[in-house]
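Commentary on secondary and tertiary structure
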Amino acid sequence: MKTASVKERLESLRKVMKKNGVSAYYINTADFHNSEYVSDYFKVREFFSGFTGSNGSLLVMQEEAGLWTDGRYFVQAEKELSGTGIDLYRMGEEGVPTIEEFIEEKLGEGDIFAFDGRTVTASKGKKFRKIAKRKGFELEIKKDLSEDIFERPAFPLSSAEVLDDSLTGESALSKIKRLRERLGKEGAYSTFISSVDDIMWLFNIRGNDVTFNPVLMSYAYITLETAYLFIQKAAVTDELKAAMDKASVLIKDYDEVNKFLKNEDFSRGDVLLDPNEVNYVSYRRIKKKAEIIEMRNPTADMKAVKNETEKANMRKIYLKDSVQLTRFIKEILDNTGRVSMTEMSVSDRLEEYRREIPEFRDLSFTTISAYAANAAMMHYAPSNENPVEIKAEHMLLVDSGGQYNGGTTDVTRTIVMGELTEEEKRCFTLTACSMLNLLNVKFLYGCTGRNLDIIARERMWNEGMDYKCGTGHGIGYILNVHEGPQNIRWKAVENEAVLEEGMAVSDEPGVYKAGKFGIRTENILLVKKGVHTDDGQFMEFENLTMVPIDDKGIDRSIMTERELSYYIAYQTEVCAALKDCLTKEEYDWVRKYAGIA
């Protein structure tokens, strides 16, 4: 049977919209829990647009359609939307309206704006409602108009796994106690949590319901006296029952949550919830009966600060992960010109290397193996359908990571496959300098990532260059590879998080030249305390990533004296860390590759 094209799918959707009197239909990229990566069950936006990136929102009207995405995906989206009739709106670019601005201009009296309120956050839903009131159009939040067009696969389901205290460093009972203390300080009686990574962290459990994220589809409701975990019946194991009983947590069926919210007596006190995480339907159910304290989940702040057990495990895992990536790089370069290799084959080979690590669970995201001009697409994904051969020329960018019992890794290295142009070498060097400048910064406690972004970006900005993404994101622990609330970016965000000791962040500046090349160097850093003086507590970073930078891409002549010292110190540190993990042949190669032999 012929697969319908994107144009045909949109036409089918428009017919359903017309039948229901809907003027505009909004489809975002999310599940019921605002997860970054979603299972096939929730890939509605991808189905109707053909755009495969992890972040994007589609707005469909009778005469036009638009897709909004961020700078990581501009090149990819332009390619994938070609011929679909969908306009690309480059978020954050000058003159490009937001979705909110777009619907405010386009919709008015008599129109109906629809979306599935289970997949839209409360904060976004409230913005839409304000616009609707201002412009006089109606909102429809409970209709899934894709239902008869998009054939959904099975709802994600896996068995619950309970983590041992040797991995978590703190019991679920202790975490719940700390959460209740936070509720008391905020004047709340209870909290409703729908972000699954927060729930997994709180109860020390894991699963495999969301691609790359070891989580379970779940909700949690915690009061000052009682704790509830809503989880699919088939996911419950005897081990989970015993662990939750020990932590005084009541297990309820996942599908009961809506009924629970309708019937629960919220009269004993305010409910704390995060409007940027809880979906709009759940928010409105609670809002009808309770006073709400809107703020970031306290669990997000607690989870972000890794304890001593977690930090110790992360150091071990990052070293093991770095060893395997280094061996992979050596193999790729040894085989260049001798063995046929494609972007996909080297991606698969790297996964094989990681699977040799005993603690390996899964990848932490789809490996970006991007050769030559493909690397200009920040979140490019290789495929067997369109194989790209790797030759002894240009550069190969590999952004990859793994989920382990002991940590979640994320690392990017750009491998020099042949002679570079002067422009390529300059950009490669600037990228390395940017990463190393941030790695070595000292800063006063109280700084957020916005205070530090310029440390990495200054070298680029002085050249009239920029990368269309943040410099860094938080990293989870056996959880999401992208974790808040900490980040490193120059644009202001609401309720920015102070960088606390124990937080993990990425450091990943890059240069992306569409149609030419892409370069990124990414390390993961732990925030730690530095010196304490009369001027206060100073902070710094501990480097976790022990993978050398390809010295063939470095032009020392454009480095400042300080940058050169940072570079030599880093390459020396990496070689020392790897020495006892490698054979003599591998170690001798690493020193030469790092330029310190």
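Report on the accompanying structure. Treat the numbers as computed from the prediction; the structure is a model and nothing was measured. (Residues numbered from 1 in each chain as written. Predicted model: local features only at pLDDT ≥ 70, side-chain atom pairs only at ≥ 80, totals over all residues. Heavy atoms only, no water.)

1. Describing the packing of helix 15 (residues 422–439) against helix 17 (residues 561–578)
To keep it simple, the criterion reads: Axes, fitted as lines to C-alpha atoms, cover a helix only where it is in contact. Angles between the N-to-C directions of the axes lie from 0 to 180 degrees. Each helix corresponds to a stretch of at least 4 residues labelled H or I by DSSP, and each strand to a stretch of at least 2 residues labelled E; elements are numbered beginning at the N terminus. Note that the term roughly parallel is reserved for angles under 35 degrees, roughly antiparallel for angles over 145, roughly perpendicular for angles of 65 to 115, and oblique for everything else. What makes two residues a contact is simply this: any of their non-hydrogen atoms within 4.5 Å. The nonpolar class holds Ala, Val, Leu, Ile, Met, Phe, Trp, Tyr, Cys and Pro. Asp, Glu, Lys and Arg form the charged class, and all remaining residues, Gly among them, are polar.
Running from N to C, helix 15 and helix 17 cross one another at 85°; their axes reach a closest spacing of 10 Å. The orientation of helix 15 with respect to helix 17, classified from their angle, is roughly perpendicular. Contacts from Cys433, Leu436, Asn437 and Leu439 in helix 15 reach Glu563, Tyr566, Tyr567 and Tyr570 in helix 17. Here the contact of helix 15 with helix 17 is built from residues that sort into six nonpolar, one polar and one charged.

2. Some words on the environment of Glu393
Relative to the helices and strands, Glu393 resides in the loop between strand 16 (368–371) and strand 17 (395–400). In this structure, the C-alpha to C-alpha distance between Glu393 and Ser506, residues 113 residues apart in sequence, is 29 Å.

3. Let's talk about the sheet that holds strand 14 (residues 292–294)
As a reminder, the rule being used: Strands are labelled as partners when DSSP assigns at least two bridges between them.
The six strands are arranged 12-11-10-8-13-14 in an open sheet whose pairing can be described as mixed. At either end of the open sheet lies a strand with only one pairing partner, and these are strand 12 (249–253) and strand 14. Across the sheet, the axes of successive neighbouring strands diverge by a mean angle of 20°, strand direction being ignored. Relative to strand 12, strand 11 (residues 227–231) runs parallel, the two sharing five bridges.

4. A short note on the pairing of strand 2 (residues 57–61)
Put simply, the test is: Exposure categories follow from relative accessible area, calculated using a 1.4 Å probe and restricted to protein chains: below 20% of the type maximum is buried, above 50% is exposed, and the middle band is partly exposed.
Burial within strand 2 is extensive, with five of its five residues counted as buried. In strand 2, alternate side chains face the same way, and those of Ser57, Leu59 and Met61 on one face and Leu58 and Val60 on the other are all buried. Relative to strand 2, strand 1 (residues 24–27) is paired through four bridges, and the arrangement is antiparallel. Note that in strand 2 the partner of Tyr25 across the bridge is Val60. Bridge count for strand 2 against strand 3 (residues 65–69) is four bridges, and the pairing is antiparallel. The residue of strand 3 that forms the bridge with Val60 is Ala65. Between strand 2 and strand 3, which pair antiparallel in sequence order, lie three residues.

5. Remarks on the pattern of salt bridges
So the rule is basically this: The salt bridge definition used is simple: a Lys or Arg side-chain nitrogen within 4 Å of an Asp or Glu carboxyl oxygen.
Tallying each qualifying case throughout the model produces 39 salt bridges. Here Arg118 ties to Asp116 by a salt bridge, and the two come within 3.0 Å at their closest N and O atoms. Residue classification places Asp116 among the buried positions, given a relative accessible area of 8%. Of the charged contacts in the structure, one is a salt bridge between Arg426 and Glu463, with a shortest N-O distance of 2.9 Å. Of the two residues, Arg426 sits in helix 15 while Glu463 sits in the loop between helix 16 (449–461) and strand 22 (472–474), which places them 37 residues apart along the sequence.

6. Observations concerning the sheet that holds strand 3
Taken in spatial order, the six strands line up as 4-3-2-1-5-6 in an open sheet, and their pairing is mixed. Strands with a single pairing partner mark the edges of an open sheet, and in this sheet they are strand 4 (87–90) and strand 6 (138–140). Mean inter-strand twist for the sheet, computed between neighbouring axes without regard to direction, equals 20°. Across the face of the sheet, helix 1 (residues 6–19) comes into contact with strand 1, strand 2 and strand 3 while running at roughly 60° to strand 2. Of the strands in this sheet, strand 1, strand 2, strand 3, strand 4 and strand 5 (112–115) are in contact with helix 4 (residues 99–106), which crosses strand 2 at around 10°.

7. Details of a nonpolar patch on the surface
Note the following rule: The patch calculation keeps residues exceeding 30% relative accessible area without a salt bridge and links them within 9 Å when they carry like charges or within 5 Å when they are nonpolar (Val, Leu, Ile, Met, Phe, Trp, Tyr). The method behind every accessible area is Shrake-Rupley, applied with a 1.4 Å probe, and residues are considered shielded solely by the protein chains displayed.
On the surface, Ile454, Trp461 and Trp490 cluster together to form a nonpolar patch covering roughly 290 Å² of accessible area. With respect to the secondary-structure elements, Trp461 resides in helix 16. On the basis of relative accessible area, Trp461 is assigned to the partly exposed category, the value being 37%.

8. Considerations on helix 5 (residues 122–135)
Our working definition: One fewer than the residue count of a helix, multiplied by 1.5 Å, yields its expected span.
Between the first and last C-alpha of helix 5 there are 20 Å, a value that for 14 residues agrees with the 20 Å anticipated at 1.5 Å per step. Within helix 5, the full set of buried residues consists of Ala122, Ser123, Gly125, Phe128, Ile131 and Ala132. For helix 5, the secondary structure elements touched by its buried residues are strand 1, helix 4, strand 5, strand 6 and helix 11 (280–287). The positive-phi residue at the C-terminal boundary of helix 5 is Gly136, with phi of around 85°.

9. What about the pairing of strand 16?
Residues Ile368 and Ala370 point to one face of strand 16 and Ser369 and Tyr371 to the other, with burial holding for every one of them. With four bridges connecting them, strand 16 and strand 17 associate as antiparallel partners. Its bridge partner lying in strand 17, Ala370 is registered against Leu397.

10. Thoughts on the packing of aromatic side chains
Stated formally: For this analysis, a ring pair means two rings from Phe, Tyr or Trp (six-membered ring only for Trp) whose centres lie within 6.5 Å, classed as stacked if their planes differ by under 30 degrees, edge-to-face if by over 60, and tilted for the remaining angles. A ring is considered to have a charge above it if a Lys NZ or an Arg CZ atom is located within 6 Å of its centre and within 35 degrees of its normal.
Using the criterion set out here, one finds 34 aromatic pairs in the structure. Aromatic pair Tyr89 and Phe102: ring centres 5.7 Å apart, planes at 65°, arrangement edge-to-face. Here Phe102 lies in helix 4 and Tyr89 lies in strand 4, a separation of 13 residues in the sequence. Taking relative accessible area as the criterion, Tyr89 reaches 16% and is therefore assigned buried. An angle of 15° between the planes, with centres 5.7 Å apart, marks the rings of Phe192 and Tyr219 as stacked. With Phe192 in strand 8 (residues 190–193) and Tyr219 in strand 10 (residues 218–223), this residue pair connects regions lying 27 residues apart in the sequence. Classification of Phe192 as buried rests on a relative accessible area of 0%. Members of the aromatic cluster, connected to one another through ring pairs, are Tyr26, Phe113, Phe115, Phe128, Phe137, Tyr280 and Tyr283. Of note, Arg9 hangs over the ring of Phe47, and the distance from its end group to the ring centre comes to 4.1 Å.

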